[in-house]
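One-letter residues, chain by chain:
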Amino acid sequence: MFANALMLPQFDYLYTIYCRASKTKLAELDLLYKKVAVRIRLNTTDLILASSYMDINGPAPPNETLPLVKYATDNKLPLIMGSDTNFHHTLWGNRTCNERGRELLDFLSSLRLNWANKGSTPTFLNTRGHNSIIDLTITNPTGDELISNWHVSDLFSNSDHRYIVFDITTGLKKEPKQIRLVRNTDWKKTQAHWDALKETNRIYNQTIRKAQKDAWRTFCEETESIKESARMNNVLKSTNNRTDKLEAVYKPDGTLTNSSETLDIMASTHFKEGTEEYVHTTMTALNVTNDLLNKIYNEDRLDKAIKSFEPYKAAGPDNLQPIIIQNAWSHIRSLTRAIMKKSHETQHIPKPWRNSQGIFIPKPGKADYNQPKSYRTITLSPVMLKLQEKVILWHMQNDLKIAQDNNKRQFGFKRGCSTDAALHKVTHMIERCIAKKGYVLGVFLDIEAAFDNVSFKAIATALNTTKLDPATAHWITNMVATRHITISHKPLLF
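The structure displayed is predicted, hence computed values, not measured ones.

1. What about the overall build of the protein?
- From N to C terminus, the protein includes 14 helices and 15 strands.
- Per-residue burial over the protein gives 34% buried out of 494 residues.
- Intrachain contacts of the protein at a sequence separation of at least 6 include 62% that bridge at least 24 residues.

If you want it as structure tokens, here you go:
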């Protein structure tokens, strides 16, 4: 397999390399770098196999990685690199992300690199019970196509790191044979087609240059400052500008509202119209065990939850900021816990906790703040309701681990995932198809106000498909369905 191994040009990456077939030494260089790279030939395919240790105290990633990737790119060679990265990110299976993991993801994305790791089986497991996925098989687009059957082996490795096994498949590619039927060529049509092609290319290049000039002109006109940080600062400051405050907005007929009409237009734009069709499925409370209630409303969990609130966060309609509850917590802990347990047991939310205050906040950077959609809404709920919501959420996340049942292709509302991760995934899929000289068909949907218009019945149905017990699911549905949100504009209420 390695009989035709070739040495790379002088890199800091190399040390002793052996040929598996002949057991002969191919090279011996500096061992201190703890990195190996070798160019080999399998069948008729040249590729680079590399090993890299990324020191946890060193740069992320190490400086020697970039020349190797550049060499593979310049020579159009597949690159497969096994690396002990010491980087944590949920995209390759870890439970959490660290800063080094984010840095590595940015590095891989910038160089069009990917990882072949699949699943969530730990690659690192020590005797203290610590396990993680820090060993990555990093590839470039052409190297990724050669890998199949990637998995973490169950064989004992005599190390904290487990064996990673995969197949590298190469072979001759059958290129389509082109035949020119010279005898059947219509040379007059050929000249006409050639002239048409040149004219089309001229128009295309002219259009490209014009589009670039127009884009640059638009960018310069819209940019308030040369430095992006200064521009962003101006955008953020605009949220406190008096001209951006909610005053009058456009009605459907294009005219501006007066004070009494503004709330109607904003409410119809940002809140679902009509009365919600949800009706309590039962007037009788669903059974819930005392053990489950004690688990959810554990005193230590409640203590941790109340401490997690920002002390001076905006108050709800009761005008109680978290700092007040936090300072009084030692005196009201037992009473609060009893109220929450009874609320959960009866699936009934105390009436004062149902009231929330709605606020319209201008979106930064909008050109026209007379448009109703130039604002977003936030609701300020009582601290007690948010406290109960938080401990139930922790029960779902930590006790039931509901997030594990989410679709792996979901990136929104998922810890460790973001828009960057979704874009990286889509970009990688597109680049793979382009590398194979294929076509990519993408369908992108934007559902307007999807979360604003979801029905309570749909929420109840979705909750009943999870691991959540029926009583807790019923409490959540009742909490959402019986809330009252009050929005105000000047002296008017809605």
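2. Observations concerning the pattern of salt bridges
- Counting across every chain of the model gives 15 salt bridges.
- With a shortest N-O distance of 3.6 Å, Arg-102 and Glu-99 are connected by a salt bridge. Here Glu-99 and Arg-102 lie together in helix H2 (residues 99–110), a separation of three residues that amounts to about one turn.
- Ionic pairing is found between Lys-251 and Glu-261, a salt bridge with its closest N-O pair at 3.5 Å. Here Lys-251 is found in the loop between helix H5 (228–237) and helix H6 (259–270), whereas its partner Glu-261 is found in helix H6, with 10 residues between them in sequence.
- One network of salt bridges, in which partners are shared, links Arg-39, Arg-41 and Asp-46.

3. Some remarks on the packing of aromatic side chains
- For the structure shown, the criterion picks out one aromatic pair.
- Where Trp-92 meets Trp-115, the ring centres are 5.3 Å apart and the plane angle is 80°; that geometry is what we call edge-to-face. Placement of Trp-92 in the loop between strand E5 (79–84) and H2 and of Trp-115 in strand E6 (residues 114–115) is noted, with a sequence separation of 23 residues between them. Pair check on accessibility: Trp-92 and Trp-115 agree, each one buried.

4. Concerning helix H11 (residues 383–399)
- Given a rise of 1.5 Å per residue, 17 residues ought to cover 24 Å, and the 23 Å separating the end C-alpha atoms of H11 matches this to within 8%.
- All of the buried residues along H11 are Val-383, Met-384, Leu-385, Lys-386, Leu-387, Gln-388, Val-391, Ile-392, Trp-394, His-395 and Met-396.
- Looking at the buried side of H11, the elements it contacts are helix H7 (290–296), helix H8 (299–307), helix H9 (322–346), helix H10 (351–354) and helix H14 (470–481).

5. Examining the nonpolar core
- Among the nonpolar cores identified, the biggest contains 30 residues, and Tyr-297, Leu-302, Ile-306, Leu-387, Ile-392, Trp-475 and Ile-476 are the most heavily contacted of them.
- When residues of this core are traced back to their parent elements, those giving at least two are H7, H8, H9, H11 and H14.
- Take this core: its biggest share by element is eight residues, from H11.
- Once you skip the residues sitting within four places of it in the chain, Tyr-297 turns out to touch Leu-302, Arg-337, Met-340, Lys-341, His-344, Gln-388, Val-391 and Ile-392.

6. Overview of H6
- For H6, spanning 12 residues, the distance from its first C-alpha to its last is 17 Å, which sits close to the expected 16 Å at 1.5 Å a residue.
- Along H6, the residues classified as buried are Thr-262, Leu-263, Ile-265, Met-266, Ala-267 and His-270.

7. Looking at unusual backbone geometry
- Phi at Arg-112 takes a positive value of approximately 60°, unusual for a residue other than glycine.
- The topology assignment puts Arg-112 in the loop between H2 and E6.
- Overall, Arg-112 belongs to the partly exposed group, its relative accessible area being 43%.
- The phi dihedral of Lys-437 is positive, around 60°, even though this residue is not glycine.
- Given a relative accessible area of 76%, Lys-437 falls into the exposed group.

8. Overview of the packing of H11 against H14
- Closest axis-to-axis distance for the H11/H14 pair is 12 Å, and the angle between their directions is 145°. Seen from above, H11 lies across H14 with left-handed handedness. For the pair H11 and H14, the contacting residues are Leu-385, Gln-388, Glu-389, Ile-392 and Met-396 in the first and Thr-472, Trp-475, Ile-476 and Met-479 in the second.
- A breakdown of the residues in the contact of H11 with H14 according to their chemical character gives six nonpolar, two polar and one charged.

9. Let's talk about the environment of Leu-108
- Mapped onto the elements of the fold, Leu-108 is located in helix H2.
- Spatially, the C-alpha atoms of Leu-108 and Ile-138 are 8.6 Å apart, while their sequence positions differ by 30 residues.

10. Details of the packing of H8 against H11
- Direction vectors running N to C along H8 and H11 enclose 120°, while the axes themselves pass 10 Å from each other. Taken as axis vectors, H8 and H11 run oblique relative to one another. Between H8 and H11 lies a crossing whose hand is right-handed. Between H8, through Arg-301, Leu-302, Lys-304, Ala-305 and Ile-306, and H11, the contact on the second element is made entirely by Val-383, Leu-387, Lys-390, Val-391, Trp-394, His-395 and Asp-399.
- When its residues are assigned to classes, the contact of H8 with H11 shows seven nonpolar, one polar and four charged.

11. As for the environment of Ile-296
- By the element assignment, Ile-296 lies in helix H7.
- Its relative accessible area of 0% is what places Ile-296 among the buried residues.
- Ile-296 sits 99 residues away from His-395 along the chain, and the two C-alpha atoms are 6.0 Å apart.
- If sequence neighbours within four positions are ignored, Ile-296 has contacts with Arg-301, His-344, Val-391, Ile-392, His-395 and Thr-472.

12. Quick look at a nonpolar patch on the surface
- A contiguous nonpolar surface patch, about 470 Å² in accessible area, is contributed by Val-426, Ile-430, Ile-434, Val-440 and Phe-444.
- Here Val-426 shows up in helix H12 (residues 419–435).

13. Concerning the state of the cysteines
- In this structure the tally under the stated criterion is zero disulfides.
- In this model Cys-97 remains outside any disulfide bridge; the closest cysteine sulfur is found in Cys-417, 7.6 Å from its own.

14. Comments concerning the side chain of Thr-137
- Topologically, Thr-137 is positioned in strand E9 (residues 135–139).
- If we ignore the near neighbours within four places in the chain, the residues touching Thr-137 are Ile-80, Met-81, Asn-114, Trp-115, Ala-116, Asn-117, Ile-147, Trp-150, Ile-164 and Phe-166.

15. So, the confidence of the model for the protein
- In the predicted model, the protein carries a mean pLDDT of 79, and the fraction of residues at 70 or more is 80%.
- Within the model, the stretch residues 1–34 combines pLDDT values under 50 with 78 contacts to residues more than four positions away or in other chains.

Rules used in this analysis
- Residues numbered from 1 in each chain as written.
- Predicted model: local features only at pLDDT ≥ 70, side-chain atom pairs only at ≥ 80, totals over all residues.
- Heavy atoms only, no water.
- Helix = DSSP H or I, 4+ residues; strand = E, 2+ residues; numbered from the N terminus.
- Buried < 20%, exposed > 50% of the residue type's maximum accessible area, 1.4 Å probe, protein only.
- Contact = heavy atoms within 4.5 Å.
- Salt bridge = Lys/Arg side-chain N within 4 Å of Asp/Glu carboxyl O.
- Phe/Tyr/Trp six-rings, centres within 6.5 Å; stacked < 30°, edge-to-face > 60°.
- Expected span 1.5 Å × (residues − 1).
- Core = buried A, V, L, I, M, F, W, Y, C linked by side-chain atoms within 4.5 Å.
- Axes fitted to C-alpha atoms, helices over the stretch in contact; angles between N-to-C directions.
- Left-handed = near helix turned anticlockwise from the far one by under 90°.
- Nonpolar A, V, L, I, M, F, W, Y, C, P; charged D, E, K, R; others polar.
- Parallel < 35°, antiparallel > 145°, perpendicular 65-115°, else oblique.
- Patch = residues over 30% accessible without salt bridge, like charges linked within 9 Å, V, L, I, M, F, W, Y side chains within 5 Å.
- Areas by Shrake-Rupley, 256 points an atom, 1.4 Å probe, with all protein chains shown as cover.
- Disulfide = S-S within 2.5 Å.
- pLDDT = per-residue confidence, 0-100.

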